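Chain by chain, the residues run as shown.
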Amino acid sequence: MNLHLVSDATGETLNAITRATVAQFEHASPQYHRWSLVRTRFQLHRVLEGIEAEPGPVLSTLVEPGLRVELENTCERLGVTLVHVLDPVLALFQSQFGETAVARPGRQYVLDADYFRRIDAMHFVLAHDDGQAQAGIGEADVVLVGVSRSSKTPTSFYLANRGIKAANIPLVPGLPDPPGLERPVCPVIGLTLDAEALIEIRRHRLRMIVGAGSMGAIRQEGTDYIDPEAVKAELLGVRRLCVRRGWPVVDVTRRSIEETAATVLQLMETWHRRHKAAAGTVP
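By convention here, each chain's residues receive numbers from 1 onward along its written sequence. Totals for whole chains, interfaces and linings use every residue, but because this is a predicted model, local features are given only for residues with pLDDT of at least 70 and side-chain atom pairs only at 80 or more, for both listing and counting. Note: side-chain values were computed over all heavy atoms of the structure, leaving out hydrogens and water.

Focus: the overall build of the chain
Each helix is a run of H or I in the DSSP string that is no shorter than four residues. Each strand is a run of E no shorter than two, and both are numbered from the N terminus. Scanning the chain from N- to C-terminus turns up ten helices and eight strands. What you see for the chain is a C-alpha radius of gyration of 25 Å, clearly larger than the 19 Å of a compact globule of 283 residues, by over 25%. Along the first, second and third principal axes, the C-alpha atoms of the chain reach 70 × 65 × 30 Å. Relative accessible area decides the class of each residue, using a 1.4 Å probe on protein chains only: under 20% of the type maximum gives buried, over 50% gives exposed, and in between gives partly exposed. Burial statistics for the chain: of 283 residues in total, 35% are counted as buried. The contact criterion used is simple: two residues touch if any of their non-hydrogen atoms lie within 4.5 Å. Sequence separation of at least 24 residues holds for 72% of the intrachain contacts in the chain that already meet a minimum separation of 6. Computed with the Shrake-Rupley method and a 1.4 Å probe, the accessible areas treat only the protein chains shown as cover for residues. A total of about 17,000 Å² of accessible surface is found on the chain, and carbon and sulfur atoms cover 55% of it. Residues scored as charged are limited to Lys and Arg (positive) and Asp and Glu (negative), so that His and the chain ends carry no count. To locate a charge, the coordinates of NZ of Lys, CZ of Arg, CG of Asp or CD of Glu are taken. Side-chain charges of the chain comprise 31 positive and 33 negative groups, with the mean position of each set lying 5 Å from the other. For the radius of gyration, the atom set is restricted to C-alpha positions; the globular benchmark scales as 2.2 Å times the number of residues to the power 0.38.

Brief notes about helix H6 (residues 152-160)
Within H6, burial applies to Lys152, Thr155, Ser156, Leu159 and Ala160. The buried side chains of H6 occupy one side of the element, clustering within an arc of 140° when seen end-on. Residues of H6 that are buried in the fold lie against helix H5 (113-127), strand S5 (142-146), strand S6 (166-170), strand S7 (188-192) and helix H10 (257-280). Here the arc refers to the directions that run from the helix axis out to each C-beta atom.

Looking at the pattern of salt bridges
By definition here, a salt bridge exists when the distance from a side-chain nitrogen of Lys or Arg to a carboxyl oxygen of Asp or Glu is within 4 Å. For the structure on display, the rule yields ten salt bridges. We note a salt bridge from Asp114 to Arg117, for which the minimum N-O separation is 2.5 Å. Of the two residues, Asp114 and Arg117 are both situated in helix H5; the distance of three residues between them amounts to about one turn of the helix. With relative accessibility at 31%, the residue Asp114 sits in the partly exposed group. Note that Lys165 and Asp120 form a salt bridge whose closest N and O atoms lie 3.2 Å from each other. Here Asp120 lies in helix H5 and Lys165 lies in the loop between H6 and S6, a separation of 45 residues in the sequence. Relative accessible area serves as the criterion here: at 38%, Asp120 is assigned to the partly exposed category. Among the charged side chains, a network of salt bridges with common partners joins Asp114, Arg117 and Arg118.

Topic: H10
The first and last C-alpha atoms of H10 sit 35 Å apart over 24 residues, in line with the 34 Å expected at 1.5 Å per residue. All of the buried residues in H10 are Thr260, Ala261, Thr263, Val264, Leu265, Met268 and Trp271. Along its buried surface, H10 packs onto S5, H6, S7 and strand S8 (249-251). Multiplying one less than the number of residues by 1.5 Å gives the expected span of a helix.

Thoughts on the sheet that holds strand S1 (residues 2-6)
Spatially, four strands are ordered S2-S1-S3-S4 in an open sheet, and the strand pairing comes out parallel. Looking at which strands have only one partner, the edges of the open sheet turn out to be strand S2 (31-35) and strand S4 (82-84). Averaged over all adjacent pairs, the angle separating strand axes in this sheet is 15°, with direction ignored. Two strands are counted as paired when DSSP detects at least two bridges linking them. For strand S3 (residues 58-60) and S4, the ladder comprises three bridges, and the chain directions are parallel. Paired with Leu59 across the strands is Val83, a residue of S4. An axis is simply a line fitted to the C-alpha atoms; with a helix, the fit covers only the stretch in contact. Between two such axes, the angle follows the N-to-C directions and lies from 0 to 180 degrees.

Comments concerning the packing of H6 against H10
It is the contact of H6 with H10, at a shortest axis distance of 9 Å, that shows an interaxial angle of 65°. Of the possible angle classes, the one that applies to H6 and H10 is roughly perpendicular. Between H6 and H10 the crossing geometry is right-handed. The residues of H10 that touch H6, namely those facing Pro154, Thr155, Tyr158 and Leu159, are Ile257, Glu258, Thr260, Ala261, Val264 and Leu265. Roughly parallel covers angles under 35 degrees, roughly antiparallel covers those over 145, roughly perpendicular covers 65 to 115, and oblique covers all other angles. Crossings are sorted by hand: turned counterclockwise from the far helix by less than a right angle, the near helix makes the crossing left-handed, and turned clockwise it makes it right-handed.

What to know about unusual backbone geometry
Positive phi, normally seen in glycine, also occurs at Leu37, with a value near 55°. In this structure, Leu37 sits in the loop between S2 and helix H2 (41-53). Phi at Ser151 takes a positive value of approximately 75°, unusual for a residue other than glycine. Along the chain, Ser151 falls in the loop between S5 and H6. The class of Ser151 is partly exposed, set by a relative accessible area of 24%.

Some details on the sheet that holds S7
Pairing is parallel across the open sheet formed by four strands, whose spatial order is S6-S5-S7-S8. In this open sheet, the two edge strands, each paired with only one partner strand, are S6 and S8. Here the strands of the sheet are splayed against their neighbours by 25° on average, with no regard to which way each runs. Sheet strands touched by H10: S5, S7 and S8. Its angle to S7, the strand with the most contacts, is close to 150°.

See below:
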């Protein structure tokens, strides 16, 4: 099945919607045709030619009335289904806000304060990745701690795209507890995972570093980095530290980065609610 995604911006909204929806069908494998930054009649005509050449359902986020009408007329003539995916939400918000939507393409990508906050958060993650620049942790919105290869860095970058300044600190066996977190001014959250999953991730990492081969394999099997008992002890040490410090722990074994980040955001909200409530009880 051909599936046409027509957007007047980057197409991220349609990509997210289709990815979430298609994932619910075990045997679905549509042929995607992505049309982004469609803002003129000339650009739209290329889209219409593509739809006519390979007909299939059309999902659209176009907001410019003239372009919408032309797309609708062509889809009706070709007998293909067209869905303007934003329309139900726009209608709801118009009734709730008591005003008409401005129908201006790409308004979510303006260079406003939110945009620059995300850029600032990205710079922060780069500067505070893997325990770097610990003196600046006091500026963090959240600190992620965990063993090596527990998804701290990718989760931090995903959070930065939401405007969250995330520092991450590795917990290394045999080293003292990380400094600066005795009385944290932001949530500290531990990331952990199943020992077998961690060992497999680390083995893959070592293969990338030392390359495949018998000598490389011998070196891999001989290191505590992937030794089952050592890894279990390492993970147990992280859990004990988090329990001792009162830090929540997220098991990332079967979670995507997006799911881990969503859980971190929930835990951050819980932390702030508790601290606000505690501050309210202070005379």
